[in-house]
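Structure assessment
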Amino acid sequence: MKVLVISHNAIGPSTNVGITLKNVFRDFGAENVAELFIRDEEPTDTEVCENYFRITDKEVMKGVFSRKSLGRAFGKDGVEKIKAAASDKREAGTIEKIRTMHRNAWLDMGRELYWSISPWYSKNLRQWLKKMNPDIIYFAAGDYAFSYKIALKIAKELNIPLIVACYDDFFFYVKDGNSLMGKIRHFYYMQNVKKTMAYSSKLITICEPMAEDYRRLFGKECMVLYTPAVPRNIALNEDGKTIAYFGTLGLGRDDQIVSIGRAVANTANITGFDHIDVYTTEKREEALAKMIPENGIKLHKAVPFEEMLRIYQDSVALIHTESFDSTIRKRVKYSVSTKIPEALSYGPCMFAYGPAEIASIDYLKKNNVAYVATGESELEARIIELLEDKSKRKKVITNARAIAAVNHNSYVNHDKLQACFEDAIRNYH
């Protein structure tokens, strides 16, 4: 069975979606997976995919005027050369700057326009697709209508089934929803989403709440496929002295981290812990200014993955948090951090702080795989319980490993997805 993956991001280590796709297709065989992507980057992974085709915004905009055949194919040898040169560069220039600058509805509609009139379905792409000859399409859904058009067009042209994977919510959450252009943009987006969903054989979601709501929204069968984690053996130090947070400070997480840090500092006379260690790539000065010892926080730069694993070994807990802000809560309603499967599979005990209705918080609490505080009034008590009761921490970690073995095992997920693909192909034909 040959699978065509369509995504904004290339499979590989550069983005969360790229990492997720790599984990999802890890056991399918690299010769059986090909990817069409549109981000201005070069592919660097040949472990799970040996055949790539890229169409960039820059090419698309030029194609509006030149009508030249667009896109570039990358075979295994070409990707290996890129990887050997340690090249993970993006194209420079105006297009990439526009794509990465602060987005708004006007810019989004401009991007939709030039994709809609460009000859992206080029001779180059058609030849590549013919050579690849996929049996099914796996579309990692994004927040631009043109990517749905691409997936639907190719599926119809090749007369093959389409599976849509939803890793984030772009359907209920309306960006710039208070502006007229924001509403117009979302209406246009949803019209194309619904056409693609109607054609699709099944939707893949990352959590049960998302699956339930999308079943109602699209009238389509949904399958929950939790994000897998690569198994690792880590010898945890039962007497670890670090409480660690890894990740960004956006979406209100900076204020959440401050609350946790202060609560840890306030209970230091009981627990012996007086701060948390924050490892982040954050650049915003207003967020970094809060990461200070007075708030019970020791700030560090982000560390390489292997160093993160070493810190895992010496940590008594890993922090996950989501904001209580009403607007942000809508945005992250179905959010399940890619770090959660890793922590449950081989990390130390998790400590989660956030609203009960957020999917990640609900998942951790419902399965008893983390210490969870859903309000500031219980924060200090839960921290004391976490740090003082070693035997209960062991039980929580045991529960975490059991849930990870069922929901986040790459082999189990492979079998589920393989069966899903076979069913879709059988029913389609």
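To be clear, the structure that these remarks concern was listed above.
One structure accompanies this document, and this report is about it. (Residues numbered from 1 in each chain as written. Predicted model: local features only at pLDDT ≥ 70, side-chain atom pairs only at ≥ 80, totals over all residues. Heavy atoms only, no water.)

Moving on to the packing of helix α5 (residues 105-117) against helix α8 (residues 180-199). The packing of two helices is summarised by the inter-axis angle and the distance between the axes. At a minimum axis distance of 9 Å, the contact between α5 and α8 shows a crossing angle of 35 degrees. Note on packing geometry: the crossing formed by α5 with α8 is left-handed. Each of A105, W106, D108, M109, E112 and S116 in α5 lies in contact with α8, whose residues at this interface are M181, G182, R185 and Y188. (Axes fitted to C-alpha atoms, helices over the stretch in contact; angles between N-to-C directions. Helix = DSSP H or I, 4+ residues; strand = E, 2+ residues; numbered from the N terminus. Left-handed = near helix turned anticlockwise from the far one by under 90°. Contact = heavy atoms within 4.5 Å.)

This model, assessed by the stated rule, comprises six cavities of 30 Å³ or more. Considered as a void within the structure, the largest cavity measures approximately 60 Å³ in volume. Along the walls of the largest cavity sit C207, E208, P209, Y226, V336, A359, D362, Y363 and K366, which together make up its complete lining. Those elements that provide at least two residues to the lining of the largest cavity are α9 (208-218) and α16 (359-366). Here the element with the most residues in the lining of the largest cavity is α16; it accounts for four residues. When grouped by side-chain class, the residues that make up the lining of the largest cavity number six nonpolar, no polar and three charged. (1 Å grid on protein atoms, 1.4 Å probe; cavity = no way out; pocket = protein on both sides within 12 Å on 5 of 7 lines; lining within 4 Å. Points joined across faces, edges and corners; volume = space filled by probe spheres on them. Nonpolar A, V, L, I, M, F, W, Y, C, P; charged D, E, K, R; others polar.)

For the pair helix α17 (residues 379-388) and helix α18 (residues 390-407), the least separation of the axes is 6 Å and the interaxial angle reads 90 degrees. Relative to α18, the element α17 is oriented roughly perpendicular. Together, R382, E385, L386, L387 and E388 of α17 and K390, K392 and R393 of α18 make up the contact between the two elements. (Parallel < 35°, antiparallel > 145°, perpendicular 65-115°, else oblique.)

Looking now at the pairing of strand β3 (residues 51-54). Two strands pair when backbone bridges link them, and strand β2 (residues 33-37) and β3 are joined in this way by four bridges, in the parallel orientation. Bridged to E35 within β3 is Y52. Note: β3 against strand β4 (residues 72-74), three bridges, orientation antiparallel. Bridge pairing in β4 links F53 to A73. (Pairing = 2+ DSSP bridges.)

In this section: the layout of surface pockets. Summary: where empty space remains is shown by rolling a probe the size of a single water molecule over the atoms. Size it by volume and the second largest pocket reaches roughly 280 Å³. Around the second largest pocket, the lining residues are D169, F172, Y173, V174, K175, D176, G177, N178, T327, K330, K333 and Y334. When its residues are assigned to classes, the lining of the second largest pocket shows four nonpolar, three polar and five charged.

Tallied over the entire structure, the rule returns 24 aromatic pairs. Residues F246 and Y279 carry aromatic rings whose centres are separated by 4.9 Å and whose planes lie at 15 degrees to one another, so their mutual orientation is stacked. Of this pair, F246 sits in strand β9 (residues 242-246) while Y279 sits in strand β10 (residues 276-280), and the two are 33 residues apart along the sequence. Side by side, F246 and Y279 carry an identical accessibility label, which is buried. Chaining the aromatic ring pairs together yields one cluster made of F139, Y148, F171, F172, Y189, Y214, F218 and Y334. One cation-aromatic arrangement involves R111 over Y144; the distance from NZ or CZ to the ring centre is 4.5 Å. Seen from the ring of Y189, R185 lies directly overhead, with NZ or CZ sitting 5.4 Å from the centre. (Phe/Tyr/Trp six-rings, centres within 6.5 Å; stacked < 30°, edge-to-face > 60°. Buried < 20%, exposed > 50% of the residue type's maximum accessible area, 1.4 Å probe, protein only. Lys NZ or Arg CZ within 6 Å of the ring centre and 35° of its normal.)

Moving on to the side chain of D277. The topology assignment puts D277 in strand β10. Buried and without a salt bridge, D277 has K298 as its closest oppositely charged side chain, separated by 5.0 Å. Beyond its immediate stretch of four places on either side in the chain, D277 contacts T242, I243, A244, Y245, K298 and H300. (Lys, Arg positive; Asp, Glu negative; His and termini not counted. Salt bridge = Lys/Arg side-chain N within 4 Å of Asp/Glu carboxyl O.)

The analysis is restricted to geometry; functional conclusions fall outside its scope.
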